[in-house]
Amino acid sequence: MPAVDAIADDLDAVLKDIEALGLRARVAELDSFGLTVVPPHQAGSPGMALRLRDAVLRLAERRSGIKPDVATGASHAHLPATAGQAGEAWLWRILQEDPVFEEALMNPVGLALMTYLLGYSAKLSSSSALLKGPVAPASPDDPPKPLGLHSDNRGLPAPFPPFAQVAAVTWALTDYTFENGALGYLPGSHKLCRQPTPDESLDAVVPVEAAAGSLIVWHGNTWHAPFPRRAPGLRISMLFYFCREYLTAQERYGTRVPAEALARNPPRFRTLMGLADPYGWDEGGPDMALLRASRSGRSQYS
C-alpha cells in the first residue's frame with residue numbers, strides 16, 4: 001500500500017523535525033492540552049517579533065489612516081470590530097503586504113508544529129493581524145471574562161474527528177497577560193470533539209501567558225476565546241490559520257501569488273498557497289501529478 005507507506009514516511013519526517021528543533025515538550029502539550037506556547041528564544045530569529053510588530057503597525061495605519069497608539073491604546077479603545085469583540089481591529093489577508101510576513105509563515109518551528117497537526121499537504125487558510133485596545137468594564141466590580149468561547153471547526157458537524165482539521169499559529173507581538181487581554185483556552189477541550197454550549201466552562205478558561213516573540217499554536221478542536229483588555233496600550237498579534245488540503249481556504253491565494261514571492265521562498269510555500277490542491281478541475285480534467293501526490297498523503301511541493 002504505497003499511500004500508507006508515504007504517510008508513514010511523512011510522520012517520520014515531521015518527527016525528525018520536531019526532535020531536531022527541540023519541540024518534543026511542545027508536541028506533548030498539544031496532545032495533552034490542545035495548545036502550546038513556544039517561548040521567544042525557541043520560536044524564531046532575534047528581532048523577528050519587532051520586525052513583525054512594526055510591519056503590522058505600518059499596515060494598520062496605511063489601511064485605516066489612523067496611527068495606532070501603542071502606549072495608551074486610545075486609537076483602538078472600544079473599537080467595533082469587523083470580526084471579534086469590542087476593542088479589536090482585524091487586518092485580513094496580510095501575507096502579501098510585506099515580505100516579513102512570508103518569513104513568519106515559513107518559520108521552521110511554526111511549520112513543524114502545524115505539520116504535526118495537519119500534515120505536509122496542509123494549506124494556508126488565512127493570514128491576519130489583530131490590534132486590541134482597552135475596553136472599560138461595565139462596572140468596577142466586573143471581572144474580565146472570556147468572550148465568545150468556540151473551537152475553530154465552525155461549520156463542521158459534531159462529533160469532530162479527534163485529529164485536527166484546522167490549526168492556528170499565532171505570533172504574540174506584544175506580551176500576552178491576563179490584564180493585556182490574552183487569549184484564553186480550556187485545556188483538554190480538543191478531546192471533546194464538539195463546540196461548547198453557551199456559557200459552558202467559562203470559569204475553567206485559563207489565560208495564555210506569553211512573552212512578546214512567542215508562538216502560540218493550537219489544535220482546531222480546542223475551545224478558546226479572548227479576554228477583554230483592561231490595561232492601557234495595544235495587544236498586537238499575527239495569526240496564520242491553516243486547513244487540510246480537502247477543506248476550502250478562507251482566503252484565495254493560488255494564481256494570485258506574485259511570481260517573486262514564489263521565487264524567494266522554498267517549495268513548501270507553493271503547497272501553503274494552495275498550488276498543490278488537486279481539485280477545481282476545468283474541462284481538461286485533473287492534473288494527475290497533483291492528484292497522485294494528494295493520494296499519497298503528501299504534497300508535490302513538500
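Residue indices follow the written sequence of each chain, beginning from 1 at its first position. Residue-level local features of this predicted model are given only where pLDDT is at least 70; pairs of side-chain atoms are given and counted only at 80 or more, and the full residue set underlies all totals for whole chains, interfaces and linings. Excluded from the side-chain calculations are hydrogens and water; all other atoms, namely the structure's heavy atoms, are used.

Concerning the sheet that holds strand 8 (residues 224-226)
As a reminder of what qualifies: Strand pairing is defined by DSSP finding a minimum of two bridges between the two strands. Put simply, DSSP H or I for four residues or longer makes a helix, DSSP E for two residues or longer makes a strand, and each gets a number counted from the N terminus.
Ordered in space as 6-5-8, the three strands form an open sheet in which the pairing is antiparallel. Every other strand in the sheet has two partners, leaving strand 6 (206-207) and strand 8 as the edge strands with one partner each. Bridging between strand 5 (residues 183-185) and strand 8 involves three bridges; their strand directions are antiparallel. Note that in strand 8 the partner of Gly184 across the bridge is Ala225.

Considering the packing of aromatic side chains
Cut-off, in case you're wondering: What counts as a ring pair is set by centres within 6.5 Å for rings of Phe, Tyr and Trp (its six-membered ring), and what kind of pair is set by the plane angle: stacked under 30 degrees, edge-to-face over 60, tilted for all other angles. Each residue is placed in one exposure class: buried if its accessible area under a 1.4 Å probe, protein chains only, is under 20% of its type's maximum, exposed if it is over 50%, and partly exposed if it falls in between. Any Lys NZ or Arg CZ that is within 6 Å of a ring centre and within 35 degrees of that ring's normal is treated as a charge sitting over the ring.
Per the stated rule, a full pass over the model turns up three aromatic pairs. Seen from their ring centres, Trp90 and Trp92 are 4.9 Å apart, and the 5° between their planes marks the pair as stacked. By relative accessible area, Trp90 is classed as partly exposed at 22%. For the pair Phe240 and Phe242, a centre-to-centre distance of 6.5 Å together with 50° between the ring planes defines the contact as tilted. Here Phe240 falls in the buried class, since its relative accessible area comes to 1%. Classification of Phe242 as buried rests on a relative accessible area of 2%. Above the plane of the ring of Tyr253 lies Arg93, whose end atom (NZ or CZ) is 4.7 Å from the centre.

Some thoughts on the pattern of salt bridges
Counted only if it meets this: A pair is scored as a salt bridge if a Lys or Arg side-chain nitrogen falls within 4 Å of a carboxyl oxygen belonging to Asp or Glu.
With the rule as written, the count across this model stands at 10 salt bridges. Between Glu103 and Arg51 there is a salt bridge whose closest N-O contact spans 2.7 Å. Taken together, the residues span a long stretch of sequence, with Glu103 in helix 5 (residues 99-105) and Arg51 in helix 4 (residues 48-64) at a distance of 52 residues. Given the relative accessible area of 37%, Glu103 is considered partly exposed. One salt bridge in this structure joins Arg53 and Asp54, with 3.2 Å as the shortest N-O distance. You can call Arg53 partly exposed: its relative accessible area is 24%. Overall, Asp54 belongs to the partly exposed group, its relative accessible area being 28%. Three or more residues are tied together by salt bridges with common partners; here these are Arg62, Arg63 and Glu97.

Description of the layout of surface pockets
Stated precisely, the cut-off is as follows: Of the two site types, the cavity is a set of points on a 1 Å grid over the protein atoms alone where a 1.4 Å probe fits but cannot get out, and the pocket is an open set with protein on both sides within 12 Å along at least five of seven lines, each lined by residues with an atom within 4 Å of a point. Grid points are joined across faces, edges and corners, and a volume is the space filled by probe spheres set on the points. For this classification, Asp, Glu, Lys and Arg are treated as charged, while Ala, Val, Leu, Ile, Met, Phe, Trp, Tyr, Cys and Pro are nonpolar and the rest, including Gly, are polar.
Quantified by volume, the second largest pocket comes out at close to 520 Å³. In terms of lining, the second largest pocket is formed by 26 residues, of which the most central are Lys123, Arg252, Gly274, Asp277 and Tyr279. Its residues assigned to classes, the lining of the second largest pocket shows 12 nonpolar, six polar and eight charged.

With respect to the packing of helix 2 (residues 24-33) against helix 6 (residues 108-118)
To keep it simple, the criterion reads: Orientation is described by lines fitted to C-alpha atoms, with helices fitted over the stretch in contact, and by angles between N-to-C directions that extend from 0 to 180 degrees. Should an angle fall under 35 degrees it is called roughly parallel, over 145 degrees roughly antiparallel, and 65 to 115 degrees roughly perpendicular, with every other angle called oblique. Handedness of each helix crossing follows the sense of rotation of the near helix against the far helix: counterclockwise by less than a right angle gives left-handed, clockwise gives right-handed. Only heavy atoms matter for contacts: two residues are in contact if any of them lie within 4.5 Å across the pair.
Interhelical geometry of helix 2 versus helix 6 gives an angle of 40° and a closest axis separation of 11 Å. The angle between helix 2 and helix 6 falls in the class oblique. The two elements helix 2 and helix 6 meet at a crossing, and its hand is right-handed. Here helix 2 contributes Arg26, Val27, Leu30 and Asp31 to the contact with helix 6, which in turn contributes Leu113, Tyr116 and Leu117. Across the contact of helix 2 with helix 6, the residue classes break down as five nonpolar, no polar and two charged.

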